[in-house]
Amino acid sequence: MTIKKLLYALVLPLLLFATQAIAQDKTVTGKVLDSAGAPVVNASVTPKGTRTGTQTGADGSFSIKVPSTVTTLVISSVGFALQEVGVGNGNVRVNLKASAGSLSEVVVVAYGTRRKSDLTGSVTSVSAKDFQKGNIGSAEQLLQGKVAGLQVTSGGGSAGGGSKIRIRGGASLNASNDPLIVIDGVPVEGNGIAGSANLLNTINPNDIESISVLKDASAAALYGSRATNGVLIITTKKGSKGKVKWNFNTLASVGNVVKAVKVLNGDEIRQVINDYTTKSGDDRYQKLLGNENTDWQKQIYRKAFGIDNTISGSGAVGNIPLRASVGYYNQDGILKTNNFKRLSTSLNLSPKFFDDHLSVNVQAKFSQTKNRFADEGAIGSAIQYDPTQPVLSDNKFGGYREWLQTNGLPIDLATRNPLSLLNLRDNKSTVNRFIGNVQLDYKFHFLPDLHLLMNAGMDRSSGTGNDRKDSLLATDYRTGGRKQYYEEVRKNQLLDFSLFYTKDLKSINTKLDVLVGHTYQEFKNNTNNFATFSYREIANPIYPELKDTLLLTQPLFASSPSQYNLEGYFARTNITIADKYLFTASLRRDASSKFLSKNRVGYFPALAAAWRVRQEFFETSTLLSELKLRMGYGITGQQDGIEYYKSQIFYNRSSSTAQYMFGSTYFSFLRPQGYDNNLKWETTVTTNVGVDFGFLNNRITGSFDYYRKKTKDLLSEVPVAPGSNFANRIVTNVGNLTNEGFELVFNTIPVKSRSITWDLGFNFTYNKSTVTNLLKYQDPSFKGIDVSGIAGGTGNTIGKHLVGYAPFSYLVYKQVYDANGRPIEGLYEDFNRDGVIDSKDKYLYKKPTPDYLVGFSTQVIINKFSLGVTAHGMIGNYLYNNFNSDRSTLSAIKDQNVYIGNASKDYLETGFKNKQFFSDYYIENASFLRIDNINLGYNFGKILNNSSSLRANASIQNVGVITKYKGLDPENSSDSGVDNNIYPRPRIYSLGFSLDF
């Protein structure tokens, strides 16, 4: 071989390989827009026939390397029809067409997903782009006002605090009315643990992709025994094919109190006391008056600063799509000393193996939250403490002014200085939570239509805390301080196995899928609670005469581990005929160890059907783009909210007030609890009829649903005959409750052009709850069940459960007014005309639950600017103004223990000398409309040499409330409707940035 031939033999293959390598490195760039020319964010761009891909940025642009053999790109995005486009010269511009009403959108439902167009039940899915904006500390707040029939009411302004969640009203009287919450396929237990009353705050809202709300039984029945109150399915964000892209979200906020409780100022208190002294000649209170005008509410509240940072990466490493994130959230409460911190991490892996026959989803979330709880008793003290007094004083109680006896000891029943309650108490907790699961989906090689599914998951939470009261605190001067330690561990383990078969029977134009499975879930709980306090002189420098030198450790509560198990078998069939007729049938068999074997098993069936009328009669219509009729029926159960061993004899350790001291140690007794060995499921039968509609290529969409829920065997706490049980009240199955109502959802896009898009959404709900039975055996003398405890007096209640009325209806006297419209103290309507005003003259008047819920949202996008507004409201709800009933009297100012308090401004209207707890004067209309959020955004587009994109947004939360209610806030999280001592909701101003790189 000559040297020339040798060179050809060596160099030519290298040249060919280099040429091929260069050809393989072809880069294609482009933009993905909608039909109006607006950018489509996060659209998937994949070279056809490959397993790699990328996503579009904030301005719709993308850049991807494709092999030389690929000539077509596949582009898809939720809400748009899939589109293929040629690579061409390497610069692509494509306008996606909206799919019919976004009907191809995939919605997460019980044990799987469904196309929106194939839904037969009442399901609403809210995705990340539609969530509430601003400083969101807990996941459920993302949905406020967004879903018809869903009520999300925060408990106040506490940092990290939770919310009351109700779907289509409550279905129970004493058991839980909270919906079941499923996080990435793991149904979780309850929403609280020692150290936190809100476990949902352990989930970083920035990690959430969507939340599905399952409202009727046909949609929720596969969760059987836990689905009576509906289901929230939280799905977190996952990775996608293509290069890893990073996102950094940061948001800074400041909140402040916009409305305080209306109380008398120092000058007004002095006037009241001086008038009383002149009329009565009693100058004891006049001698106690100070010279200040202290606004105690201003003393306890502050500006609350917060920061929320999340960094995440999403893409593929090799052939493994993944998403990982780390978040840090730090939020002060507007009440001094209150703080909430959250450190969160998440990891989602979704690889596929064996030529995509095996899909694996690995999901893990860990968070640590730290709370500094403020003593919320300071709120009550601030509105009760004498405003004529200064904040500080030269005394032995940390320098805080206190009401003292002549011997220098505090008046035990007097109001405490609110600043001392905050600053001399240190109550901190730490909660760790891990939620993780592995999901396997194996598509059989020999029968690809058959899938084997497995889901193994765990939710483990641990909460610990220390509550320390300083020895200088006037409330604890006798004990020289107090330290309480508490801990709780909750563990929830899950294992599901199921088979899923799907088949497209083209010969008969029918699609079929069948799911059968088995699930087992185990819940364990362990709680311990100890208090340590001392009588030692060294620990109590205030009063050295208290010389008992014992250091005492008292087990306030130390429980044995408790546990219960759930086992279920389930089956579901979906049939779609000619893409017009849809049928769903499901059945779940559940067994719970909370019940004895004779009542342990429950069956929960459901049926649903839908008819796509448009495909039947109007397929060619350009006006009507969607018309579907739905009907569903199902039975769901309830066993949440029942203590673990209420169906059998069980012995608990005695409480701290029933212990025996031997030496320096306290010993607990074992005492039996009340029980009912006939306890069984509470069941609810739900009927739902609905219609989905769309017009003008779904520029106008919406739905209407009518529902009726009938709950029987209510889990109620009722009194029992003395000596017949180990308690005078037990939880048993007695009574029926009916919920009935309708929902209307209306969404439209009034303007859609290349530069302007305007979205407008509205939802409206009517709901009526009625108690239809409360007794196992009818008794004509039965007067209902007293409920709704109130502040003031001992054992006073203001509500009643009574057949024919809404739960928690108010039982009150009818107030009589004078000629000037002022209430006459102690004068009420004598309804039975017997000449005596007594309990027989009380009547049921109004209720706390609203008749109507409304939600509103709108957003306008003009080029790079966006402006959004959201609001929600309630109509027909009433509140018992317990603050006014307890604090709007002369007796609240001149306390019988000879110290001065404060009173509500309402005292100037009524002039009441003594408290009139049961007057209907205090039942107030609490209907309201709250403007939740005003959000302004700007998209900077590409920055840093087109390597990154940046968006900015500013928002105001809790903008304003329109209401007639005289109290602090008409939106109350209590089912009973008693408004007593609420932590005010702050108005929050926030500024945030989102950087993609």
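As the structure is a prediction and not an experimental result, all values here were calculated from the model.

Conventions adopted
Sequence order sets the numbering: in each chain, residues are counted from 1 along the sequence as written. Local features in a predicted model are, by the rule used here, given only for residues with pLDDT of at least 70; side-chain atom pairs are given and counted only at 80 or more, and totals for whole chains, interfaces and linings are based on all residues. As a convention, hydrogens and water are excluded, and side-chain values are obtained from all of the structure's heavy atoms. Strands pair, by our definition, only if DSSP identifies at least two bridges between them. The helix count covers DSSP runs of H or I at least four residues long, the strand count covers runs of E at least two residues long, and both are numbered beginning at the N terminus. Orientation is described by axes fitted as lines to C-alpha atoms, over the contacting stretch for helices, and by angles from 0 to 180 degrees between their N-to-C directions. When accessible area is computed with a 1.4 Å probe and restricted to protein chains, residues below 20% of their type maximum are described as buried, those above 50% as exposed, and intermediate ones as partly exposed. Whether two residues touch is decided by their heavy atoms; if any such pair falls within 4.5 Å, the residues are in contact. Here a salt bridge means any side-chain nitrogen of Lys or Arg lying within 4 Å of a carboxyl oxygen belonging to Asp or Glu.

Student: Any chance you could explain the pairing of strand S23 (residues 425-443) here in plain terms?
Tutor: On any regular strand, side chains alternate: one points to one face of the sheet, the next to the other face. Pairing between strand S22 (residues 358-373) and S23: 16 bridges, direction antiparallel. Bridge assignment links Val360 to a residue of S23, and that residue is Leu440. As judged from the 19 bridges shared by S23 and strand S24 (residues 450-469), these two strands associate in the antiparallel manner. Considered in S24, the bridge of Thr430 is made with Thr464. Linking S23 back to S24 in an antiparallel pair, the connection comprises six residues.

Student: Help me out: how do you make sense of the sheet that holds strand S1 (residues 26-33) in this one?
Tutor: Strand order in the open sheet formed by three strands is S4-S1-S7, and the pairing between neighbours is mixed. Among the strands making up the open sheet, the edge pair consists of strand S4 (61-66) and strand S7 (91-95). For this sheet, the mean angle separating the axes of adjacent strands, direction not counted, is 25°. Direction of pairing for S1 relative to S4: antiparallel, over a ladder of six bridges. Paired with Lys31 across the bridge in S4 is Ser61.

Student: Is there a simple way to explain helix H5 (residues 377-384) in this structure?
Tutor: Each turn of an α-helix holds 3.6 residues, which means side chains three or four residues apart point in the same direction. The buried count for H5 comes to six of eight residues, which makes it a mostly enclosed element. Of the residues making up H5, those classed as buried are Ala378, Ile379, Gly380, Ser381, Ala382 and Ile383. Contacts from the buried residues of H5 go to helix H4 (296-300), helix H6 (418-423) and helix H8 (882-887).

Student: What's the story with the sheet that holds strand S53 (residues 923-925) in this structure? I'm lost.
Tutor: On the basis of which strands lie adjacent, the open sheet formed by three strands has the order S53-S50-S56 and mixed pairing. Both edges of this open sheet fall to S53 and strand S56 (978-979), since each of them pairs with a single strand only. Judged from the three bridges that link them, strand S50 (residues 878-881) and S53 form a sheet pairing that is antiparallel. Residue pairing for S53: Tyr878 is matched across the bridge by Asn925.

Student: For this particular structure, what's the right way to read the pattern of salt bridges?
Tutor: Should their charged atoms come close, side chains of opposite charge can pair. A full pass over the atoms with the stated rule returns 43 salt bridges. The residue Asp975 makes a salt bridge to Arg166 at a minimum N-O spacing of 2.7 Å. Placement of Asp975 in the loop between strand S55 (948-963) and S56 and of Arg166 in strand S12 (residues 163-167) is noted, with a sequence separation of 809 residues between them. A salt bridge links Arg490 to Glu488; the shortest N-O distance between them is 3.1 Å. Its relative accessible area of 8% is what places Glu488 among the buried residues. Through salt bridges that share partners, Arg115, Asp118, Asp579, Arg612 and Glu626 make up one connected network.

Student: Which parts of the structure should I look at to understand the side chain of Lys164?
Tutor: Within the secondary structure, Lys164 sits in strand S12. Residue class for Lys164 comes out buried when judged on its relative accessible area of 11%. Leave out the neighbours within four places in its chain, and Lys164 touches Gln151, Val152, Thr153, Asn972, Ser973, Ser974 and Asp975.

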